[in-house]
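Notes for the structure review
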Amino acid sequence: MTKTGPVRTAIFPVAGLGSRFLPATKATPKELLPVIDTPLIQYAIDEAKAAGIERLVFVSHPSKAAIERHVMDDAALRADLQARGKAGLAAALAETALRTPEDDVIFTFQHQPLGLGHAVLCARDHVLPGPAAVILPDDLILGEPGCLSEMIDVYATAGTGHLVATMEVAAQETGKYGILDTDTGTAAAQGRLFPARGMVEKPNPKDAPSRHAVVGRYVLDASIFDDLAAQAPGAGGEIQLTDAIAKGIDRVGLAGFAFSGTRFDCGSKAGMLRATLHLASQDPEYAEVLEDYGLAPRVAPAA
Ligand code: G1P
(Lines give C-alpha, C1' and ligand atoms only; values in the text may rest on other atoms or scores of the structure.)
Protein backbone atom coordinates (compact mmCIF):
# COMPACT_ATOMS: atom_id res chain seq x y z
CA MET A 1 0.00 0.00 0.00
CA THR A 2 1.09 3.56 -0.65
CA LYS A 3 2.35 5.68 2.22
CA THR A 4 -0.03 8.61 2.35
CA GLY A 5 1.22 11.16 4.87
CA PRO A 6 -0.43 12.77 7.89
CA VAL A 7 -4.19 13.27 8.35
CA ARG A 8 -4.51 17.07 8.37
CA THR A 9 -8.17 17.75 7.54
CA ALA A 10 -11.43 16.75 9.23
CA ILE A 11 -14.70 17.06 7.33
CA PHE A 12 -17.92 17.54 9.30
CA PRO A 13 -21.03 16.83 7.18
CA VAL A 14 -23.68 18.95 8.95
CA ALA A 15 -26.15 19.89 6.20
CA GLY A 16 -28.82 17.30 7.09
CA LEU A 17 -32.33 18.40 7.99
CA GLY A 18 -32.60 16.43 11.22
CA SER A 19 -36.17 15.32 10.53
CA ARG A 20 -35.98 12.56 13.17
CA PHE A 21 -35.85 15.26 15.84
CA LEU A 22 -38.67 17.52 14.66
CA PRO A 23 -40.03 19.74 16.10
CA ALA A 24 -36.78 20.33 18.07
CA THR A 25 -34.86 20.80 14.81
CA LYS A 26 -37.33 23.21 13.17
CA ALA A 27 -35.15 26.19 14.15
CA THR A 28 -32.19 24.48 15.84
CA PRO A 29 -29.74 22.37 13.81
CA LYS A 30 -29.58 18.81 15.15
CA GLU A 31 -25.82 19.21 15.66
CA LEU A 32 -26.57 21.91 18.25
CA LEU A 33 -28.82 19.68 20.36
CA PRO A 34 -27.02 19.31 23.68
CA VAL A 35 -26.08 16.34 25.79
CA ILE A 36 -26.51 18.04 29.19
CA ASP A 37 -25.03 21.44 28.23
CA THR A 38 -22.69 20.67 25.34
CA PRO A 39 -23.92 20.56 21.72
CA LEU A 40 -23.06 17.45 19.69
CA ILE A 41 -20.91 19.48 17.29
CA GLN A 42 -18.70 20.59 20.19
CA TYR A 43 -17.85 17.01 21.16
CA ALA A 44 -16.90 16.34 17.53
CA ILE A 45 -14.69 19.45 17.29
CA ASP A 46 -12.96 18.66 20.58
CA GLU A 47 -12.27 15.12 19.32
CA ALA A 48 -10.76 16.45 16.07
CA LYS A 49 -8.59 19.00 17.86
CA ALA A 50 -7.35 16.37 20.33
CA ALA A 51 -6.38 14.22 17.33
CA GLY A 52 -4.13 17.00 16.01
CA ILE A 53 -6.31 17.94 13.02
CA GLU A 54 -5.11 21.17 11.36
CA ARG A 55 -8.08 22.17 9.22
CA LEU A 56 -11.78 21.77 10.02
CA VAL A 57 -14.19 21.82 7.07
CA PHE A 58 -17.89 22.09 7.86
CA VAL A 59 -20.25 21.09 5.05
CA SER A 60 -23.36 22.94 6.15
CA HIS A 61 -26.61 24.30 4.72
CA PRO A 62 -27.62 27.98 4.37
CA SER A 63 -30.53 27.41 6.79
CA LYS A 64 -28.13 26.26 9.53
CA ALA A 65 -26.16 29.46 10.20
CA ALA A 66 -26.50 28.84 13.96
CA ILE A 67 -23.79 26.16 13.66
CA GLU A 68 -21.22 28.76 12.62
CA ARG A 69 -22.39 31.06 15.43
CA HIS A 70 -21.81 28.29 17.94
CA VAL A 71 -18.49 27.09 16.53
CA MET A 72 -16.76 30.45 16.15
CA ASP A 73 -15.60 32.68 19.00
CA ASP A 74 -18.04 35.36 20.17
CA ALA A 75 -15.87 38.09 21.67
CA ALA A 76 -18.85 40.36 22.46
CA LEU A 77 -20.54 37.59 24.49
CA ARG A 78 -17.32 36.91 26.37
CA ALA A 79 -16.81 40.62 27.13
CA ASP A 80 -20.38 40.81 28.40
CA LEU A 81 -19.85 37.78 30.67
CA GLN A 82 -16.60 39.30 31.98
CA ALA A 83 -18.37 42.58 32.76
CA ARG A 84 -20.99 40.65 34.75
CA GLY A 85 -18.35 38.92 36.84
CA LYS A 86 -18.64 35.59 35.02
CA ALA A 87 -14.99 35.27 34.03
CA GLY A 88 -15.05 31.47 34.46
CA LEU A 89 -17.81 31.05 31.88
CA ALA A 90 -16.07 33.47 29.51
CA ALA A 91 -12.82 31.51 29.82
CA ALA A 92 -14.61 28.19 29.18
CA LEU A 93 -16.18 29.60 26.00
CA ALA A 94 -12.82 30.99 24.86
CA GLU A 95 -11.19 27.60 25.30
CA THR A 96 -13.62 25.62 23.16
CA ALA A 97 -14.36 28.22 20.44
CA LEU A 98 -12.57 28.37 17.11
CA ARG A 99 -11.20 31.67 15.87
CA THR A 100 -9.44 32.85 12.75
CA PRO A 101 -6.65 33.24 11.85
CA GLU A 102 -5.33 30.99 14.67
CA ASP A 103 -7.65 28.12 13.69
CA ASP A 104 -8.00 26.90 10.11
CA VAL A 105 -11.79 26.69 9.70
CA ILE A 106 -13.83 26.55 6.51
CA PHE A 107 -17.61 26.57 6.07
CA THR A 108 -18.97 25.38 2.76
CA PHE A 109 -22.50 24.38 1.68
CA GLN A 110 -24.29 21.30 0.45
CA HIS A 111 -27.40 22.86 -1.06
CA GLN A 112 -29.21 19.64 -2.00
CA PRO A 113 -29.66 16.58 0.26
CA LEU A 114 -27.97 14.19 -2.17
CA GLY A 115 -26.39 11.91 0.43
CA LEU A 116 -23.39 11.58 2.76
CA GLY A 117 -21.03 10.82 -0.13
CA HIS A 118 -22.12 13.99 -1.90
CA ALA A 119 -21.63 16.00 1.32
CA VAL A 120 -18.04 14.75 1.62
CA LEU A 121 -17.46 15.55 -2.07
CA CYS A 122 -18.58 19.16 -1.36
CA ALA A 123 -15.47 19.50 0.85
CA ARG A 124 -13.10 18.43 -1.93
CA ASP A 125 -11.70 21.86 -2.84
CA HIS A 126 -10.97 22.66 0.79
CA VAL A 127 -9.00 19.65 2.04
CA LEU A 128 -5.25 19.77 2.63
CA PRO A 129 -3.11 17.24 0.71
CA GLY A 130 -3.14 13.65 1.99
CA PRO A 131 -5.79 11.50 3.64
CA ALA A 132 -8.81 13.20 5.24
CA ALA A 133 -10.93 12.35 8.28
CA VAL A 134 -14.73 12.46 8.29
CA ILE A 135 -16.63 12.89 11.57
CA LEU A 136 -20.40 12.45 11.84
CA PRO A 137 -21.34 14.49 14.92
CA ASP A 138 -24.51 12.52 15.67
CA ASP A 139 -22.35 9.50 16.43
CA LEU A 140 -21.10 10.65 19.83
CA ILE A 141 -18.10 8.59 20.93
CA LEU A 142 -16.94 9.15 24.50
CA GLY A 143 -13.63 7.85 25.80
CA GLU A 144 -9.97 8.64 26.30
CA PRO A 145 -8.15 8.76 23.98
CA GLY A 146 -10.75 10.00 21.51
CA CYS A 147 -11.80 7.72 18.66
CA LEU A 148 -10.18 9.84 15.95
CA SER A 149 -6.89 10.01 17.91
CA GLU A 150 -6.86 6.21 18.14
CA MET A 151 -7.63 5.85 14.44
CA ILE A 152 -4.95 8.29 13.32
CA ASP A 153 -2.43 6.44 15.48
CA VAL A 154 -3.36 3.11 13.94
CA TYR A 155 -3.62 4.55 10.41
CA ALA A 156 0.11 5.24 10.30
CA THR A 157 0.85 1.50 10.40
CA ALA A 158 -2.45 -0.12 9.33
CA GLY A 159 -1.37 -0.55 5.72
CA THR A 160 -4.80 0.40 4.34
CA GLY A 161 -5.79 3.64 2.63
CA HIS A 162 -9.31 3.65 4.08
CA LEU A 163 -9.88 3.07 7.78
CA VAL A 164 -13.39 3.15 9.30
CA ALA A 165 -14.54 2.94 12.91
CA THR A 166 -16.47 -0.25 13.51
CA MET A 167 -18.52 -1.95 16.20
CA GLU A 168 -20.55 -5.14 16.31
CA VAL A 169 -24.32 -4.70 16.11
CA ALA A 170 -27.21 -7.12 16.58
CA ALA A 171 -28.21 -9.03 13.43
CA GLN A 172 -31.52 -7.15 13.14
CA GLU A 173 -29.69 -3.78 13.17
CA THR A 174 -27.63 -4.18 9.99
CA GLY A 175 -30.18 -2.19 7.95
CA LYS A 176 -29.18 0.99 9.80
CA TYR A 177 -25.46 0.93 8.97
CA GLY A 178 -22.73 0.46 6.44
CA ILE A 179 -21.62 -3.16 7.03
CA LEU A 180 -18.12 -4.52 6.44
CA ASP A 181 -17.39 -7.74 4.59
CA THR A 182 -14.55 -8.63 6.92
CA ASP A 183 -11.64 -10.77 5.88
CA THR A 184 -10.96 -12.38 9.24
CA GLY A 185 -9.13 -15.29 7.64
CA THR A 186 -6.10 -13.20 6.73
CA ALA A 187 -2.95 -12.91 8.79
CA ALA A 188 -3.52 -9.16 8.98
CA ALA A 189 -6.71 -9.72 11.01
CA GLN A 190 -5.48 -9.10 14.50
CA GLY A 191 -6.49 -7.25 17.61
CA ARG A 192 -8.71 -4.29 16.84
CA LEU A 193 -8.08 -4.10 13.10
CA PHE A 194 -10.50 -5.86 10.73
CA PRO A 195 -9.32 -5.96 7.12
CA ALA A 196 -12.32 -5.90 4.80
CA ARG A 197 -12.88 -6.99 1.21
CA GLY A 198 -16.20 -5.17 0.87
CA MET A 199 -18.66 -2.75 2.44
CA VAL A 200 -22.40 -2.47 1.79
CA GLU A 201 -24.83 0.25 2.80
CA LYS A 202 -27.72 -0.79 5.05
CA PRO A 203 -28.18 -4.44 4.00
CA ASN A 204 -31.14 -6.53 5.18
CA PRO A 205 -30.01 -8.87 7.97
CA LYS A 206 -30.27 -11.86 5.61
CA ASP A 207 -27.89 -10.24 3.09
CA ALA A 208 -25.44 -8.70 5.59
CA PRO A 209 -21.87 -9.97 5.10
CA SER A 210 -21.10 -9.55 8.83
CA ARG A 211 -22.26 -7.70 11.94
CA HIS A 212 -19.31 -5.27 11.83
CA ALA A 213 -21.10 -1.94 11.42
CA VAL A 214 -19.40 1.31 10.44
CA VAL A 215 -19.96 4.23 12.79
CA GLY A 216 -19.29 7.86 12.01
CA ARG A 217 -15.48 8.14 11.97
CA TYR A 218 -13.49 7.63 8.78
CA VAL A 219 -9.90 8.19 7.68
CA LEU A 220 -9.95 8.13 3.90
CA ASP A 221 -7.29 8.00 1.22
CA ALA A 222 -7.29 11.14 -0.95
CA SER A 223 -8.51 9.07 -3.91
CA ILE A 224 -11.95 8.99 -2.25
CA PHE A 225 -12.80 12.28 -3.98
CA ASP A 226 -12.28 10.87 -7.49
CA ASP A 227 -14.37 7.85 -6.54
CA LEU A 228 -17.11 10.06 -5.10
CA ALA A 229 -17.14 12.27 -8.20
CA ALA A 230 -17.76 9.16 -10.34
CA GLN A 231 -20.26 7.60 -7.93
CA ALA A 232 -23.83 6.90 -9.10
CA PRO A 233 -26.68 7.13 -6.56
CA GLY A 234 -27.06 4.00 -4.42
CA ALA A 235 -29.25 3.05 -1.44
CA GLY A 236 -32.12 5.51 -0.95
CA GLY A 237 -31.25 7.22 -4.26
CA GLU A 238 -28.37 9.01 -2.52
CA ILE A 239 -24.65 9.22 -3.32
CA GLN A 240 -23.29 6.93 -0.64
CA LEU A 241 -19.89 7.32 0.98
CA THR A 242 -19.99 3.56 1.56
CA ASP A 243 -20.13 2.81 -2.20
CA ALA A 244 -17.16 5.08 -2.99
CA ILE A 245 -15.12 3.51 -0.17
CA ALA A 246 -15.96 0.02 -1.49
CA LYS A 247 -14.83 1.05 -4.97
CA GLY A 248 -11.33 1.89 -3.71
CA ILE A 249 -10.70 -1.32 -1.75
CA ASP A 250 -8.71 -3.15 -4.46
CA ARG A 251 -6.55 -0.08 -4.98
CA VAL A 252 -5.93 1.28 -1.45
CA GLY A 253 -7.32 -1.33 0.99
CA LEU A 254 -9.94 -1.03 3.74
CA ALA A 255 -10.00 -1.99 7.40
CA GLY A 256 -12.42 -1.52 10.26
CA PHE A 257 -11.05 -0.37 13.60
CA ALA A 258 -12.69 -1.42 16.86
CA PHE A 259 -12.33 1.78 18.91
CA SER A 260 -12.16 1.67 22.70
CA GLY A 261 -14.75 4.37 23.52
CA THR A 262 -18.52 4.13 23.98
CA ARG A 263 -20.65 5.18 21.03
CA PHE A 264 -24.08 6.77 21.34
CA ASP A 265 -26.43 7.05 18.37
CA CYS A 266 -27.41 10.66 18.96
CA GLY A 267 -29.25 10.67 15.65
CA SER A 268 -32.03 8.90 17.58
CA LYS A 269 -34.02 10.10 20.57
CA ALA A 270 -33.24 6.94 22.57
CA GLY A 271 -29.53 7.41 21.87
CA MET A 272 -29.66 11.04 23.02
CA LEU A 273 -31.37 9.96 26.23
CA ARG A 274 -28.77 7.23 26.78
CA ALA A 275 -25.90 9.68 26.27
CA THR A 276 -27.50 12.15 28.67
CA LEU A 277 -28.02 9.49 31.34
CA HIS A 278 -24.47 8.21 30.82
CA LEU A 279 -22.91 11.62 31.44
CA ALA A 280 -25.33 12.43 34.27
CA SER A 281 -24.44 9.16 36.00
CA GLN A 282 -20.82 10.30 36.16
CA ASP A 283 -21.56 13.70 37.67
CA PRO A 284 -22.38 13.93 41.39
CA GLU A 285 -24.51 17.00 40.63
CA TYR A 286 -27.22 14.73 39.17
CA ALA A 287 -27.09 11.87 41.69
CA GLU A 288 -30.32 12.96 43.37
CA VAL A 289 -32.19 13.31 40.09
CA LEU A 290 -31.16 9.83 39.01
CA GLU A 291 -32.19 8.36 42.36
CA ASP A 292 -35.60 10.02 42.00
CA TYR A 293 -36.06 7.95 38.86
CA GLY A 294 -34.79 4.74 40.42
CA LEU A 295 -31.42 4.98 38.66
CA ALA A 296 -28.19 4.43 40.52
CA PRO A 297 -25.52 7.07 39.94
CA ARG A 298 -22.05 5.73 39.16
CA VAL A 299 -20.36 8.30 41.35
CA ALA A 300 -21.03 9.29 44.96
CA PRO A 301 -23.58 12.10 45.40
CA ALA A 302 -22.11 15.57 46.02
CA ALA A 303 -21.54 16.15 49.77
C1 G1P B 1 -24.38 6.90 7.78
C2 G1P B 1 -23.63 6.01 6.79
C3 G1P B 1 -23.58 4.57 7.30
C4 G1P B 1 -22.98 4.53 8.70
C5 G1P B 1 -23.77 5.47 9.63
C6 G1P B 1 -23.10 5.56 10.99
O7 G1P B 1 -25.73 6.52 7.77
O8 G1P B 1 -24.25 6.08 5.53
O9 G1P B 1 -22.81 3.76 6.43
O10 G1P B 1 -23.01 3.20 9.21
O11 G1P B 1 -23.84 6.79 9.08
O12 G1P B 1 -23.88 6.31 11.87
P13 G1P B 1 -26.90 7.46 8.42
O14 G1P B 1 -26.92 7.15 9.88
O15 G1P B 1 -26.52 8.86 8.13
O16 G1P B 1 -28.17 7.03 7.74
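See the structure above.
Since the model is a prediction, treat every value here as computed from it, not as a measurement. (Residues numbered from 1 in each chain as written. Predicted model: local features only at pLDDT ≥ 70, side-chain atom pairs only at ≥ 80, totals over all residues. Heavy atoms only, no water.)

Some words on the site of the ligand
So the rule is basically this: One heavy atom within 4 Å of a molecule or strand is enough for the residue carrying it to be called near that molecule or strand. For the purposes of these results, a polar contact is taken to be a pair of N or O atoms within 3.5 Å, where, inside protein, one atom must be able to donate a hydrogen and its partner to accept one; residues adjacent in sequence count only when each atom of the pair is a side-chain atom. Working definition of accessibility: Shrake-Rupley area with a 1.4 Å probe, residue cover restricted to the visible protein chains. As a working rule, the residues Ala, Val, Leu, Ile, Met, Phe, Trp, Tyr, Cys and Pro are called nonpolar, Asp, Glu, Lys and Arg charged, and the rest polar, with Gly in that last group.
Near the ligand lie 14 residues; those nearest to it are Asp139, Gly178, Glu201, Lys202 and Val214. For the ligand, an oxygen atom lies 2.7 Å from a polar atom in the side chain of Asp139. Separating an oxygen atom of the ligand from a side-chain N or O atom of Glu201 is a distance of 2.6 Å. In the complex, the protein chains occlude 77% of the 380 Å² of accessible area that the ligand would expose alone. When the residues that make up the shell around the ligand are grouped by side-chain class, the tally is six nonpolar, four polar and four charged.

Looking at the layout of surface pockets
Using the following cut-off: A pocket here means an open set of points on a 1 Å grid, computed over the protein atoms alone, that has protein on both sides within 12 Å along at least five of seven lines. A cavity is instead a set of points where a 1.4 Å probe fits but cannot get out; residues with an atom within 4 Å of a point line either one. Grid points are joined across faces, edges and corners, and a volume is the space filled by probe spheres set on the points. The numbering of helices and of strands both runs from the N terminus, where a helix is a DSSP run of H or I of at least 4 residues and a strand a run of E of at least 2.
What the largest pocket holds in volume is close to 1100 Å³. Top element by residues in the lining of the largest pocket is strand S11 (residues 212-220). It accounts for four residues. Split into classes, the residues belonging to the lining of the largest pocket amount to 16 nonpolar, 13 polar and eleven charged. Empty space within the second largest pocket amounts to approximately 410 Å³. Residue contributions to the lining of the second largest pocket peak at four residues, all from helix H4 (residues 87-96). For the lining of the second largest pocket, a count of residues per class yields seven nonpolar, four polar and six charged.

Here we look at the pattern of salt bridges
Just so we agree on the cut-off: Whenever Lys or Arg places a side-chain nitrogen within 4 Å of a carboxyl oxygen from Asp or Glu, that contact is recorded as a salt bridge. Working definition: with a 1.4 Å probe on protein chains only, accessible area under 20% of the residue-type maximum means buried, over 50% means exposed, and in between means partly exposed.
Here the structure, examined in full by the defined rule, presents 17 salt bridges. Between Arg84 and Asp80 there is a salt bridge, and its shortest N-O distance comes to 3.3 Å. For Arg84, a relative accessible area of 60% translates into the label exposed. Assessed through its relative accessible area of 37%, Asp80 is described here as partly exposed. For Arg124, the salt bridge identified is with Asp226, shortest N-O distance 2.5 Å. Here the residue Arg124 occupies a position in the loop between helix H5 (116-122) and strand S6 (132-135), and Asp226 occupies one in helix H7 (residues 224-229), the gap between them amounting to 102 residues.

Some points on the pairing of S6
For clarity, the threshold we go by: Two strands form a pair only when DSSP identifies at least two bridges running between them.
Covered by surrounding structure in S6 are Ala132 and Val134 together with Ala133 and Ile135, the residues of both alternating faces. In the sheet, strand S1 (residues 9-13) pairs with S6 via three bridges, with the strands oriented parallel. Each bridged residue has a counterpart across the sheet, and for Ile11 the counterpart in S6 is Val134. Both S6 and S11 contribute to a ladder of four bridges, which runs antiparallel. Residue pairing for S11: Ala133 is matched across the bridge by Val219.

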